[in-house]
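Understanding the architecture of this molecule
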Amino acid sequence: METLTVRLATLDDVPAITKIHCSTVSAWRHPESRAVVAYEDLDLYGRWRNGGPWMSVELCAVHLDALLSAHHQPLVAVAGGKVVGEAEYILSAEAGAFSSLHLSVLYVDVAWQGRGVGSALVAAGIAQAHRLGLPAVTTQPEAGAESFYTRLGFAPWRMAKEMQLRAEGAFPADAARVLEAKDAPPPTLALRIGRYQCGAQGWQTLWPSLELPGWSTLRRWAWRVNLDGGMAILGLREQLTDPSQVDGYAWLLPEAPLEPALGALRGAAATLGFSAVDVLLESGAVARLRERFRLEFQNRIVLWRKDL
């Protein structure tokens, strides 16, 4: 096997990164009809809907530039002068056990799968977390990848359930400060509601780097509020497929109760005219909150972790 090296990605790697991600797509589909179509027949939005910004060089360049500008750690694996795999590690400065280097994306060219590329990219990320003095590397494995991460020393860490919360009540707008992208949550807080990946990615969801009709035009809000349990940052984002609903996010102190944040999120959604809020909650909290907030189960998410 050719010598494999891992290094920080550069913008010159964009065409290769796009090629890697596209190599894993078995069929391209129209974003609305879901009919099978040719790649060339899709616009940038259609390509993005087939797998994200990596599916076109134009959007991949914007995405990678945003990662590098924010000092995150996108890595590429190189063999024989050719980029054959990519991994994106997100620096998530959060309170307590939530602080980590988060592996959000790991893709290997189909021609190179099963040849140690993925393991090399994970090992490089773990080494980088050590250098940065971070306590752990976290990830959310795709279906079927659990055994791969188990072999590398990861284990399930945070099991969460996506629940739907009916929008009702009122939001105390006079007690809240409207936030902008520059007002990132401080490291004394952690993303406790809406943690699909990590806190930094939750904030990026509210302030996307991609100027893409159908995505960047979704309505988004963020506020700093004082709740029972301390200061909090709340966010709502209109859903892509159902504009009557929003996704909810809350950055809280690690031990703060969730009830005040849930009440504020449903009140904010109702005030803005939405019918429901989707909230991702740690599984252990759902039982005590379900009846009070009339939560309806939608999906299950498991985050994995390797302590360093």
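Along each chain, the written sequence defines residue order, and numbers are assigned to residues from 1. Whole-chain, interface and lining totals are the exception, using all residues; otherwise, since this is a predicted model, local features are given only for residues with pLDDT of at least 70 and side-chain atom pairs are given and counted only at 80 or more. To get the side-chain values, all heavy atoms of the structure are used, and hydrogens and water are removed first.

Let's talk about the packing of aromatic side chains
Note the cut-off: Centres within 6.5 Å make a pair out of two Phe, Tyr or Trp rings, where for Trp the six-membered ring is used; the pair is then stacked when the planes are under 30 degrees apart, edge-to-face when over 60, and tilted otherwise. Starting at the N terminus, helices and strands are each numbered in turn, a helix being any DSSP run of H or I of at least four residues and a strand any DSSP run of E of at least two. Per-residue accessibility, obtained with a 1.4 Å probe over protein chains only, is compared with the maximum for each type, and a residue is labelled buried under 20%, exposed over 50%, and partly exposed between these values.
Counted by the stated rule, this structure contains 11 aromatic pairs. With centroids separated by 4.8 Å and ring planes inclined at 50 degrees, the aromatic side chains of F171 and W223 adopt a geometry described as tilted. In this pair, F171 is assigned in the loop between β8 (155-166) and β9 (176-178) and W223 in strand β11 (residues 220-227), connecting sequence segments 52 residues apart. We classify F171 as buried; its relative accessible area is 12%.

Quick word on the nonpolar core
Short version of the rule: In this description, a nonpolar core means a group of buried Ala, Val, Leu, Ile, Met, Phe, Trp, Tyr and Cys residues linked to one another through side-chain atoms lying within 4.5 Å. Only heavy atoms enter the contact rule, under which two residues are in contact if any of them lie within 4.5 Å.
Formed by 32 residues in total, the largest nonpolar core has its most connected members in I193, L234, V279 and L281. Listed by contribution, the elements that provide at least two residues to this core are β8, β11, β12 (230-238), β13 (245-252), α7 (259-271), β14 (276-282) and α8 (283-293). Ranked by the residues each element gives to this core, the list is headed by α7, at 6 residues. When residues no more than four places from it in sequence are discounted, the contact partners of I193 are G248, Y249, A250, L258, A261, L262, L265, V279, L280 and L281.

Quick word on the packing of helix α1 (residues 14-23) against helix α3 (residues 57-69)
To be explicit about the condition: An axis is simply a line fitted to the C-alpha atoms; with a helix, the fit covers only the stretch in contact. Between two such axes, the angle follows the N-to-C directions and lies from 0 to 180 degrees. When describing relative orientation, an angle under 35 degrees is termed roughly parallel and one over 145 degrees roughly antiparallel, while 65 to 115 degrees is termed roughly perpendicular and anything else oblique. Two helices cross in a left-handed way if the nearer one is turned anticlockwise from the farther one by less than a right angle. They cross in a right-handed way if the turn is clockwise.
In contact at an axis separation of 9 Å, α1 and α3 are set at 115 degrees when each is read in the N-to-C sense. Relative to α3, the element α1 lies roughly perpendicular. Handedness of the α1/α3 crossing: right-handed. Each of V14, P15, I17 and T18 in α1 lies in contact with α3, whose residues at this interface are V57, C60, A61 and L64.

Keep in mind that these numbers describe shape and distance, not what the molecule does.
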